[in-house]
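Breakdown of the fold
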Amino acid sequence: MRKYILTCLLGIFCLSITAQSNASLVSISAVQPDYENIPEEARANLETTMQRIITSCGVANSAADRFIMTARMDVITREVNSAGMIVQRMEMTFVIGDVIDEKIYGTTTINAVGIGATETKCLIKAFQGIKSNNEKLANLVNTAKDKILAYYTDNCHLVLQDAERMVGMQQYNDALAILVGVPQACEECYTACQTKAVDVYKLLIDHEGKQLIQNARSAWLVKRDYDCAEKALDILAKVNPHAPCQSEANALIADINKQLRKIEAAKAAAAKAQWDFKLKQYEDKMELERQKQEGWNTLARRFGKIEIGYKKEKAYKIGSSSK
């Protein structure tokens, strides 16, 4: 399934149907697989050639579509000419189909010739030589376009049923791929499917959001500290703001913030208790020192009195004996 289609925002499913040119009513995308016999540079060139063919037939080339054009290459003859150039005659088979239902809407085969100094350059030359207005290719695209429109006109109820079945299995991506693949030319079916796509998209982002919320909650509960809170917040930032579960994400953020405030309060209380304890130790020590100092002062005063009396007594004896 081409799940990159789901990178669209919710608004893409809410577009109203307006008068448009035929080029925007049906979309077919050019997708070229990585075949071993086609080098990457040549493959990209072939894909560009198919894009030109699609748009030249009045059909939109969209990367977000279930209908594709692809091609297969078979080499008929290969030789090296007198100038040392590789000359290849090949048969190109172009196919248009549905990647979801895996249906083929048409095929055609044309011949191409390439000349180049290398295999890659030879193929690029051949692909560039395929004309956008080639009659067989134009018939292929137009026939496929008619079949696509007829399918949706006659089977819209089946499209909606398939999407509903996917939703029941929580395969929201696949359901959306089915719904948004409806061409705008099928106005009634397109409108119904776009309306349904809005509901499915909401289910998708809600489902993804709830998973993210659970992951964020798990990250937070590891230690419930600032590091865990930051990890949880990074996860919650991925929740789509349009998701119905956004209120649940906001509630978790509020709870984390509340818990952090409690942690801060508890730390502050512990710090205050530690300070009060240290302060009490200091005050007790100062009081003890004050008491000790008071004792020494008392002793000093006593010693001073004894010493003065003793000196006076000695002085009296000395004075008496000198007579």
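Here the structure is a predicted model, which means the values were calculated and not measured. Sequence order as written defines the numbering, with residues in each chain counted from 1. Selection of residues for local features in this predicted model requires a pLDDT of at least 70, selection of side-chain atom pairs for listing and counting requires 80 or more, and totals for whole chains, interfaces and linings are taken over all residues. Side-chain descriptors were evaluated using all non-hydrogen atoms of the structure, hydrogens and water having been removed beforehand.

1. Concerning the overall build of the chain
Secondary structure elements follow DSSP: runs of H or I of four or more residues count as helices, runs of E of two or more count as strands, with numbering from the N terminus. Secondary structure assignment for the chain yields seven helices and four strands. When its helices and strands are written in sequence order, the chain yields β-α-β-β-β-α-α-α-α-α-α. For every residue, the accessible area obtained with a 1.4 Å probe (protein chains only) is divided by the maximum for its type, and the residue is called buried under 20%, exposed over 50%, and partly exposed between those limits. Here the chain holds 323 residues, and the buried ones make up 37% of them. Contacts between residues were defined by any pair of non-hydrogen atoms, one from each residue, lying within 4.5 Å. A separation threshold of at least 6 residues defines the contact pool for the chain, and within that pool the share at least 24 residues apart is 65%.

2. Focus on the sheet that holds strand β1 (residues 29–30)
Read from one edge of the open sheet, four strands run β1-β2-β3-β4, paired in mixed fashion. One side of each edge strand has no neighbouring strand; the edge strands of this open sheet are β1 and β4 (103–116). For two strands to count as paired, DSSP must find a minimum of two bridges between them. Pairing of β1 with strand β2 (residues 67–80) involves two bridges; the strand directions are parallel. Following the sheet pairing, Ala30 is matched in β2 by Met69. Between N-to-C directions, angles span 0 to 180 degrees; the directions come from axes that are lines fitted to C-alpha atoms, helices contributing only their stretch in contact. Sitting on the sheet, helix α1 (residues 40–56) is in contact with β1, β2 and β3 (86–98), with an inclination near 125° to β2.

3. With respect to the pairing of β4
With 13 bridges connecting them, β3 and β4 associate as antiparallel partners. Across the sheet, the residue bridging to Val87 is Ile115, located in β4. As consecutive antiparallel partners, β3 and β4 are separated by four residues, and within that stretch Glu102 has a phi angle of approximately 55°, a positive value.

4. Some details on a nonpolar patch on the surface
Like charges within 9 Å and nonpolar side chains (Val, Leu, Ile, Met, Phe, Trp, Tyr) within 5 Å are joined into patches, using only residues over 30% in relative accessible area that form no salt bridge. Accessible surface area values rest on a Shrake-Rupley calculation with a 1.4 Å probe, where residue burial reflects the displayed protein chains alone. Any Lys or Arg side-chain nitrogen located within 4 Å of an Asp or Glu carboxyl oxygen qualifies as a salt bridge. Among the surface-exposed residues, Trp275, Leu279, Tyr282 and Met286 lie close enough to one another that they form a single nonpolar patch of about 440 Å² accessible area. Note on placement: Leu279 falls in helix α7 (residues 246–321). By relative accessible area, Leu279 is classed as partly exposed at 32%.

5. Thoughts on the packing of helix α3 (residues 135–168) against helix α5 (residues 187–221)
Interaxial distance between α3 and α5 falls to 10 Å at its minimum, and their mutual angle equals 10°. It follows from the interaxial angle that α3 and α5 lie roughly parallel. Packed against α3, whose contacting residues are Tyr152, Cys156, Val159, Leu160, Glu164 and Val167, the element α5 presents Cys189, Ala192, Cys193, Lys196, Val200 and Leu203 at the interface. Classification used: nonpolar for Ala, Val, Leu, Ile, Met, Phe, Trp, Tyr, Cys and Pro, charged for Asp, Glu, Lys and Arg, polar for all others including Gly. In terms of residue class, the contact of α3 with α5 is built from 10 nonpolar, no polar and two charged. Any angle that is under 35 degrees is reported as roughly parallel, and any over 145 degrees as roughly antiparallel; angles of 65 to 115 degrees are reported as roughly perpendicular and all others as oblique.

6. Description of α1
A helix's residues, less one, multiplied by 1.5 Å, set its expected span. For α1, built from 17 residues, the straight-helix expectation of 24 Å at 1.5 Å per residue is met to within 8% by its first-to-last C-alpha distance of 25 Å. Within α1 the residues assigned to the buried category are Ala42, Arg43, Asn45, Leu46, Glu47, Thr49, Met50, Ile53 and Ile54. Structurally, α1 contributes buried residues whose contacts are with β1, β2, β3, α2 (119–128) and α3. Once α1 finishes, Gly58 follows within two positions and takes phi at roughly 75°, a positive value.

7. Section: the state of the cysteines
Where two cysteines share a covalent bond between their sulfur atoms, that bond is called a disulfide. Any two cysteine sulfur atoms within 2.5 Å of one another count as a disulfide. By the definition in use, this model includes one disulfide. Paired by a disulfide, Cys156 and Cys189 hold their sulfur atoms 2.2 Å apart. Of note, the bridge from Cys156 to Cys189 carries an S-S torsion of about 90° and is right-handed in sense. Separated by 33 residues along the polypeptide, Cys156 in helix α3 and Cys189 in helix α5 bring together distant segments of the chain. We classify Cys189 as buried; its relative accessible area is 5%. The thiol of Cys186 is unpaired, and the distance to the nearest cysteine sulfur, on Cys189, comes to 6.3 Å.

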